[in-house]
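Summary of the model geometry
Each chain, written out:
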Amino acid sequence: MTFQNTLEFAQQLDAADQLSKYRQGFHFPQVNGRDVIYFTGNSLGLQPKRTQAYVDEVMKDWRELAVEGHFYAEKPWWDYHERLAKGMAKVVGARPKEVSVMNTLTVNLHLLMVSFYRPTAKRFKIICEEKAFPSDQYILQSQARFHGWDPKEAIVEVKKRDGEHAWRTEDIVAKINEVGDELALVLMGGVNYYNGQVLDMQAITAAGKAAGAFVGWDLAHAVGNVKLQLHDWGADFAAWCSYKYMNSGPGNASGIFVHERHLDKEDIPRFEGWWGNKKETRFLMKPEFDPIASADAWQLSNPPILSLAPYLASLELFDEVGMDALIEKQRIIVAYLEFVLHEIDKQVDSTFEIITPAERGCQLSVFLHGEGRALFDYLMKQGVITDWREPNVIRLAPAPFYCSYEDMYRFGQILKQGILNK
Ligand SMILES: Cc1ncc(COP(=O)(O)O)c(C=O)c1O
């Protein structure tokens, strides 16, 4: 498709967009009396309008039924979480029994490492990407120390090559092979939060498994953004938050994946609680733990229903639209944004360097050479909600559910004004 940097062309793309009707299904913050141009779906997704009804339903059931709501609510609370399994499984490419919802992301990565980081004197190393998301770095360091290892010895970071902005799969695989039989775990971000790169999760999982290690994925920036096939890839485990592309609300619940091959192991080390016990025997209050034969066995507590309600609303929306349709629009809208950036680049003195490689989802990370924080402040004042990282990286993630092509065009015009007005 030959793009044009005009309002008419952007509006034509919107008119042809099968997903454009979903935009009205989201609440947009207002700046200067109009909807913002929202580029931070990679941080916190917008609120779907349908979410309110899901939360209201729980509030009503609680008001009118109190404790009886556990069994007699419209959607009974005692197995409410099971309603999320089918939708989550579809989004991450898993079987429903391989997923569960509980806690928050950092907590879940720790809990999953109880099962999948079991270092021995020989096999104790963890491979991750350099400059992983800080929480992941703290998880790995504290886990290594907890098991008596010096993080400097136990954690092996895969670096990018000098002068390059993205990791090469061959370098990650080579590092896995080099660490070889000392490797206990590969744990990486499936989509990197900073440069937006989608790692080759299939190849890395295969290499990690071939080396005899466990392989897990932090899918915070991947879920609801890129095609995932966790079951077929053979990953051991994964976890994700639901408040970014999944639009489930601030700080909301995390999903987990545990591959089927680990579900029937009676001796798997795991921290356990009563909600991981089979439903049939849970209320017999027996001292022996009788695990559910699914990823739900990793659940500890009875889940926070008021958190699950918005997540359920969001999953039903994803189910209706499907990842394939979202990804199809994403490819075009991100390419259009890239085109607009190149066009504006030609019209101003500053230069834009896109550091996101071709393996990408929604996000473009851009160095705005010659610009600084003042430009970011200008964009925010004009209703362009972006994310700024020092010294001058801007992260733009046009979520296909609610961003329009016209947004991309308008953003380009505002960016140009911001630079020319300096
Ligand atoms: C890649 C990645 N990992 C982990 C986290 C931590 O998430 P939480 O605060 O829900 O534990 C985030 C949060 O943005 C993230 O982007």
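- As annotated in an unreviewed UniProt entry, the protein is Kynureninase from Flagellimonas taeanensis.
- The record held by UniProt for the protein lists under Cofactor (unreviewed entry) the comment "pyridoxal 5'-phosphate".
- Under the UniProt heading Sequence similarities (unreviewed entry), the note attached to the protein is "Belongs to the kynureninase family."

1. Regarding the UniProt feature "binding site: pyridoxal 5'-phosphate" (unreviewed entry) in the protein
- Residues annotated in UniProt with the feature "binding site: pyridoxal 5'-phosphate" (unreviewed entry) correspond here to Leu105, Thr106, Phe133, Pro134, Ser135, Asp136, Asp218, His221, Tyr243, Trp274 and Asn302. A maximum C-alpha distance of 31.5 Å among these annotated residues, which run over 198 residues, shows that they spread across the structure rather than meeting at one spot.
- Relative to the helices and strands, Asp218 resides in strand S10 (residues 214–218).
- Residue classification places Asp218 among the buried positions, given a relative accessible area of 6%.
- When sequence neighbours within four positions are dropped, the list of residues in contact with Asp218 reads Leu105, Leu109, Asp136, Leu187, Met188, Gly189, Gly190 and Ala239.

2. A short note on the pairing of strand S12 (residues 254–258)
- Of all 5 residues making up S12, 5 are buried, and the element is well covered by its neighbours.
- Burial along S12 is two-sided: the face carrying Ser254, Ile256 and Val258 and the face carrying Gly255 and Phe257 are both buried.
- Sheet topology note: the strand S6 (residues 99–102)/S12 ladder contains 4 bridges and is antiparallel. From the neighbouring strand, Ser100 faces S12, where its bridge partner is Ile256.
- Sheet analysis places strand S11 (residues 237–241) next to S12, joined by 5 bridges and oriented antiparallel. Bridge assignment links Trp240 to a residue of S12, and that residue is Gly255.

3. Digging into the domain arrangement of the protein
- Examined at the domain level, the protein breaks down into domain 1 (7–49 + 322–421) and domain 2 (79–321).
- Distance from the C-alpha centre of domain 1 to the C-alpha centre of domain 2: 30 Å.
- With 34 residues of domain 1 in contact, the opposing surface of domain 2 contributes 25 residues.
- A combined buried area of about 2500 Å² lies between domain 1 and domain 2, and 60% of that area is made up of carbon and sulfur atoms.
- It is Met323, Ile355 and Phe401 in domain 1 that bury the most area against domain 2; as a group they hold 20% of the surface buried on that side.
- If you look at where domain 1 meets domain 2, you find 1 salt bridge.
- Note that Asp324 and Lys227 form a salt bridge whose closest N and O atoms lie 3.1 Å from each other.
- Taken together, domain 1 and domain 2 are joined by 16 residue pairs in polar contact (both at pLDDT 80 or more).
- Only helix H13 (323–347), strand S14 (364–369) and strand S17 (393–396) provide two or more residues apiece to the side of domain 1 that touches domain 2.

4. Re the side chain of Ser404
- You can see Ser404 is positioned in the loop between S17 and helix H15 (405–420).
- According to the relative accessible area criterion, Ser404 is buried, its value standing at 8%.
- A polar contact is formed between the side chain of Ser404 and the backbone nitrogen of Asp407, at a distance of 3.0 Å.
- Filtering out sequence-adjacent residues up to four positions away, Ser404 remains in contact with Asp14, Arg23 and Ile333.

Conventions used here
Residues numbered from 1 in each chain as written. Predicted model: local features only at pLDDT ≥ 70, side-chain atom pairs only at ≥ 80, totals over all residues. Heavy atoms only, no water. UniProt positions renumbered as here; feature names shortened; annotations may be inferred. Helix = DSSP H or I, 4+ residues; strand = E, 2+ residues; numbered from the N terminus. Buried < 20%, exposed > 50% of the residue type's maximum accessible area, 1.4 Å probe, protein only. Contact = heavy atoms within 4.5 Å. Pairing = 2+ DSSP bridges. Domains from an automatic or database assignment. Buried area = accessible area lost by both parts, 1.4 Å probe. Salt bridge = Lys/Arg side-chain N within 4 Å of Asp/Glu carboxyl O. Polar contact = N/O pair within 3.5 Å; in protein donor to acceptor, adjacent residues only side chain to side chain.

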